[in-house]
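Here are the chains, one letter per residue:
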Amino acid sequence: MQRRSFLKTAAMGSLAWCAGPATDRLSAAAGVAASQGGSSEAGIEILPGEAIGVIRPDIYGHFVEHLGAVVYDGIWVGEQSKVPNIGGLRKALVEALRAVRPGVIRWPGGCFADSYNWRDGIGPRSQRPRRGSFWADDSAWPPGCPDGPWKYETNEFGTNEFVRFCRLVGAQPYFAANVRSLSPKDFYEWIDYCNAPAGATTLAASRAATGDRDPLGVRNWGVGNESWGCGGNFRPEEYAAEYRRFIEWVPRFGQNLTFIASGPNGGDLEWTRRFFAAMRERRSLGSVAGWALHHYSWNVSGGRTQDWSKGKGAAVGYPVSEWFELLNEANRMETLIADHWAAMGEADPQHRVKLVVDEWGAWYKPGSQVDPTHLFGQQSTMRDAVLAGLTLDTFNRHVDKVMMANVAQLVNTLHALFLAHEDQFLVTPTYHVFAMHQAHQGGRAVRSVFTAPPASYAENGRSVALPGLAGSASLHDRRLVLTVTNPDPQQAREAAITVRDAKPGGVRVTTLVAGSIQTVNTFDRPDAIRPVEKTLAATPGGRLTHTFPAASVTKLEMDLT
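Not measured: the values here are computed from a predicted model.

Asks: I would appreciate a short explanation of the overall build of the protein in the present structure.
Replies: Assigned secondary structure in the protein consists of 11 helices and 26 strands. Expressed as a percentage of its 561 residues, the buried residues of the protein come to 60%. Of all intrachain contacts in the protein linking residues separated by at least 6 positions in sequence, the fraction that spans at least 24 positions is 79%. Roughly 21000 Å² of accessible area belongs to the protein as shown, and the carbon and sulfur atoms make up 48% of that amount.

Asks: Teacher, can you tell me more about the state of the cysteines here?
Replies: Any covalent bond linking the sulfur atoms of two cysteines counts as a disulfide. Taken as a whole and judged by the stated rule, the model has one disulfide. Bridging C111 to C230, the disulfide has an S-S length of 2.1 Å. Where C111 bonds to C230 through sulfur, the torsion about that S-S bond is close to -90 degrees, and the disulfide is left-handed. Remark: C230 occurs in the loop between β10 (220-223) and α6 (236-247) and C111 occurs in the loop between β6 (104-107) and β7 (131-132); sequence separation between them is 119 residues. Each of the two residues, C111 as well as C230, counts as buried.

Asks: Sorry, what's going on with the sheet that holds strand β13 (residues 354-362) here?
Replies: Pairing between the strands of a sheet is mediated by backbone hydrogen bonds and can be parallel or antiparallel. Spatially, β3-β6-β9-β10-β11-β12-β13-β14 is the arrangement adopted by the eight strands of the closed barrel, whose pairing is parallel. Strand-to-strand twist across the sheet, computed as the mean angle between neighbouring axes with direction ignored, equals 30 degrees. Relative to strand β12 (residues 290-297), strand β11 (residues 258-265) is paired through four bridges, and the arrangement is parallel. Paired with I260 across the strands is G290, a residue of β12. In the packing of helix α4 (residues 184-195) onto the sheet, the strands contacted are β6, β9 (172-177), β10 and β11, and the crossing angle to β10 comes to about 165 degrees.

Asks: Sorry, what's going on with the packing of α4 against α6 here?
Replies: Packed helices, taken two at a time, are described by the angle between their axes plus the distance between the axes. Their axes nearest at 8 Å, the elements α4 and α6 cross at an angle of 40 degrees. Comparing the axis directions of α4 and α6 gives the class oblique. The hand of the α4/α6 crossing is right-handed. Taken together, the residues of α6 that come into contact with α4 (itself represented by P184, F187 and Y188) are R245, F246 and I247.

Asks: What's the story with the packing of aromatic side chains in this structure? I'm lost.
Replies: Geometrically, a pair of aromatic rings is defined through the distance of the ring centres and the angle of the planes. A complete count under the given rule lists 35 aromatic pairs for this structure. Taking 4.9 Å as the distance between ring centres and 80 degrees as the angle between the ring planes, the aromatic pair formed by F134 and W135 counts as edge-to-face. Since its relative accessible area comes to 32%, F134 is described here as partly exposed. Residue classification places W135 among the buried residues on the basis of a relative accessible area of 4%. Here the guanidinium or amino end of K151 rests over the ring plane of W141, the centre of that ring lying 5.2 Å away. Against the face of Y318 rests R383, its NZ or CZ located 3.6 Å from the ring centre.

Asks: Whenever I open this one, the nonpolar core confuses me. Can you help?
Replies: Generally speaking, soluble globular proteins have nonpolar side chains that are buried together. Membership of the largest hydrophobic core comes to 129 residues, with the highest contact counts inside it found for F165 and W360. Per-element accounting of this core gives the leading share, eight residues, to helix α10 (residues 382-397). Residues contacting W360, with those up to four places away along its chain left out, are H295, M333, L387, A388, T391, L392, F395, A405, N406, V407, A408 and F434.

Asks: Help me out: how do you make sense of helix α3 (residues 159-169) in this one?
Replies: α3 sits mainly inside the fold: eight of its 11 residues count as buried. Residues of α3 that are buried in the fold lie against β5 (89-90), α2 (91-99), β6, β9, α4 and α5 (202-210). Positive backbone phi, approximately 80 degrees, marks G170, located one or two places after α3.

Asks: What is the right way to read the confidence of the model for the protein from this model?
Replies: Note: predicted coordinates in regions of low pLDDT should not be interpreted at a detailed level. Across the protein, the average pLDDT comes to 90, with 90% of residues at 70 or higher. Residue range residues 1-39 is modelled with pLDDT below 50. Its contacts to residues more than four positions away, or to other chains, number 87 contacts.

Asks: Help me understand the pairing of strand β23 (residues 504-512) in this model?
Replies: The side chains of a regular strand alternate between the sheet's two faces. Burial runs high along β23: seven of the nine residues are buried. The pairing of β23 with strand β24 (residues 532-536) spans five bridges and is antiparallel. Paired with V507 across the strands is L536, a residue of β24.

Asks: Help me out: how do you make sense of the packing of α4 against α5 in this one?
Replies: Here α4 crosses α5 at 55 degrees, and the two axes come no closer than 7 Å. The angle between the axes of α4 and α5 places the two elements in the oblique class. For the element pair α4 and α5, the recorded crossing hand is right-handed. Side by side, α4 and α5 meet where E189, D192, Y193, C194 and N195 of the first sit next to L203, A204, S206, R207 and T210 of the second. The class makeup of the residues in the contact of α4 with α5 is four nonpolar, three polar and three charged.

Asks: Before we go on, may I ask you to explain the environment of R164 in this structure?
Replies: Here R164 is to be found in helix α3. R164 gets classed as partly exposed once you look at its relative accessible area, which sits at 29%. With 77 residues separating them in the primary sequence, R164 and G87 have C-alpha atoms 9.3 Å apart. Those residues within four positions of R164 in sequence are excluded, and the remaining contacts are W76, I86, G87, L89 and R125.

Asks: I'm lost on the pattern of salt bridges in this one. Help?
Replies: One side chain can pair with another of opposite charge once the charged atoms of both are near each other. Per the counting criterion, the structure on display carries 32 salt bridges. A salt bridge links D348 to R352; the shortest N-O distance between them is 3.2 Å. What you see here is one network of salt bridges that share partners, running through E79, R125, R128 and E161.

Asks: Got a minute to help me understand the side chain of E557 in this structure?
Replies: For E557, the location among the structural elements is in strand β26 (residues 552-560). Of note is the side chain of E557, whose polar atom sits 2.8 Å from the side chain of R479. A distance of 3.4 Å separates a polar atom in the side chain of E557 from a polar atom in the side chain of K555. Contact partners of E557, with chain neighbours within four places excluded, come to A439, R479, L480, V481, G506, V507 and R508.

Asks: Help me understand helix α7 (residues 269-281), please; the structure alone is not making it clear to me.
Replies: What sets the pattern is the α-helix's 3.6 residues per turn: residues three or four places apart point alike. With 13 residues, α7 should reach 18 Å at 1.5 Å per residue; the first-to-last C-alpha distance of 18 Å fits that figure. Contacts from the buried residues of α7 go to α6, β11, β12 and α9 (333-347). Looking at where α7 begins, the residue whose side-chain oxygen comes 3.3 Å from the main-chain nitrogen of E270 is D268.

Asks: Just to check I follow, could you spell out the environment of V532 for this structure?
Replies: Checked against the element boundaries, V532 lands in strand β24. Taking relative accessible area as the criterion, V532 reaches 54% and is therefore assigned exposed. Considering only alpha carbons, one finds V532 and T510, 22 residues apart in sequence, at a separation of 5.6 Å. Dropping the residues within four chain positions of it, V532 is found in contact with V509, T510 and T511.

Conventions and cut-offs
- Within every chain, residues take consecutive numbers counted from 1 along the sequence as written.
- Totals for whole chains, interfaces and linings use all residues, but because this is a predicted model, local features are given only for residues with pLDDT of at least 70 and pairs of side-chain atoms are given and counted only at 80 or more.
- Excluding hydrogens and water, the side-chain values take into account all heavy atoms of the structure.
- Only DSSP runs of H or I reaching four residues or more are called helices, and only runs of E reaching two or more are called strands; each is numbered from the N terminus.
- Relative accessibility thresholds used throughout: buried, under 20% of the residue-type maximum; exposed, over 50%; partly exposed, between the two (1.4 Å probe, protein chains only).
- Pairs of residues are marked as contacts when any of their non-hydrogen atoms sit within 4.5 Å.
- Method for areas: the Shrake-Rupley scheme with a 1.4 Å probe, in which residue coverage is limited to the protein chains shown.
- When two cysteine sulfur atoms lie within 2.5 Å, the pair is treated as a disulfide.
- Strand pairing is assigned whenever DSSP detects at least two bridges linking the two strands.
- Here the axes come from fitting lines to C-alpha atoms, over the contacting stretch only for helices, and the angles between their N-to-C directions go from 0 to 180 degrees.
- Oblique is the label for every angle not falling under 35 degrees (roughly parallel), over 145 degrees (roughly antiparallel), or within 65 to 115 degrees (roughly perpendicular).
- Rotating anticlockwise by less than a right angle from the far helix to the near helix defines a left-handed crossing, while the corresponding clockwise rotation defines a right-handed one.
- Two aromatic rings from Phe, Tyr or Trp, using only the six-membered ring of Trp, form a pair when their centres are within 6.5 Å; if the ring planes differ by under 30 degrees the pair is stacked, by over 60 it is edge-to-face, and anything between is tilted.
- Two conditions define a charge sitting above a ring: the NZ of Lys or the CZ of Arg must be within 6 Å of the ring centre, and it must be within 35 degrees of the ring normal.
- In these notes, a set of buried Ala, Val, Leu, Ile, Met, Phe, Trp, Tyr and Cys residues joined through side-chain atoms within 4.5 Å is what counts as a nonpolar core.
- Every residue gets a pLDDT, meaning the predictor's confidence in that residue, from 0 to 100.
- In this count, Pro and Cys sit with the nonpolar residues alongside Ala, Val, Leu, Ile, Met, Phe, Trp and Tyr, while Asp, Glu, Lys and Arg are called charged and the others, Gly among them, polar.
- Think of a salt bridge as a Lys or Arg side-chain nitrogen and an Asp or Glu carboxyl oxygen that are within 4 Å of each other.
- As used in this structure description, the phrase polar contact means that two N or O atoms lie within 3.5 Å; if the pair is within protein, one of them must be able to donate a hydrogen and the other to accept it, and residues adjacent in sequence are counted only when both atoms belong to side chains.
- One less than the number of residues in a helix, times 1.5 Å, gives the span that helix is expected to have.

Structure follows, in structure tokens:
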């Protein structure tokens, strides 16, 4: 099949989606069969000869903030806890996270970072100070929530504990430094504490006394967090001056340090342009490795607001309109990457600075958290899995621009991979998407063309259209990995799949889908949503059709001949 005729055939037709009583009844059927000349309503063409770049593990990163129960009750249970642990770290979480090969983990925030003094989290735990958390007075706490480490920071989990956690799960640490309320000297000394050779400095001796004689080897350093807001409320030019003060002449101790600047809030192109212009004026752009973009998805019916207490829908029990609204917001990631990349190129035409999507994910109104202590905690449905699939595939398609990304957050808050409370633990649908997509890591992203009728919704004069199918492909020698998301909550999609100048052999299929878009994993039913795997023999002639279920994420792995 020639590419031109393939695209023409695949693009024919249109499909309108309407709300109705069958909204929550999804087809869970999926299969791969030989195409014997019939037509499909959609098509996927993979172009192995058109490489984009290597898919770095770092774009499959995570975010840990001292917020609610992310750290205490999530990651850290304490060495004396009855919950199975590895030196105080929740054992079940360590093992499950290790399995999805996290590239990098960002810590300690978030807004918490710019009120955090790293010295509070070193030395004997019994002697570490207790502090009020940045989030202690937040209005989103449910009535009657008790006090505890989620509101009053115990500092049991500090620099050494976090790095040990990263090592156990196979991730690189990424520290967010306090620019709002500490000085460049504090930043220099944190690097000294982490990276000075054993016995070489007084701070290296402090590190050894806390349990790590050898250097921690921290390479990734964020210079502030959301410096346009909770990180100092700076103007771009003011933040550029602070950034230069913080990174100028820092000790490196033989490490190739990566400095990441606090980038824009969503589509704020002026923050990007003005920071880059100020840095170019001082000939300082060479000191910036990454530019940190933040984008959260919440419902925009009635107008989007940046106030996190308003404009959000429910995590569970949502109407179909909010399925479309939320995923449409998530799908802005493609445009945000393109627009900021272009704005960065005005001052940096060689694109020495890459994008870092520091925080991304869904954000809902309170009410579905598994415990009152879980600030911004929320349940997770197939909508969150679909959002994760759309976003990770977007990063794969832009590996030439995006060097790192971190879903917010790891456990018990926002778009979490895990929910945990006391001795209870589960993985969310988003975890399964990360597990499926990790097969891309280290592969060469190649261009793929998706053509399908859009998934659309219209109500009260407002309409939203999502791509009928979206995904990405990567090549690993002669093994091809293809991930595909169908964001339509009702309509399955049959697609013809072709690989230019190659024929797929045996196909291994993993499908994540649920019987309802409202289904969730609970402590009583932790596997209500889980992937289903199937292996298929080589197809005659190497031509495939595949039916992608409604509201699903699918991985196909195939050997090419």
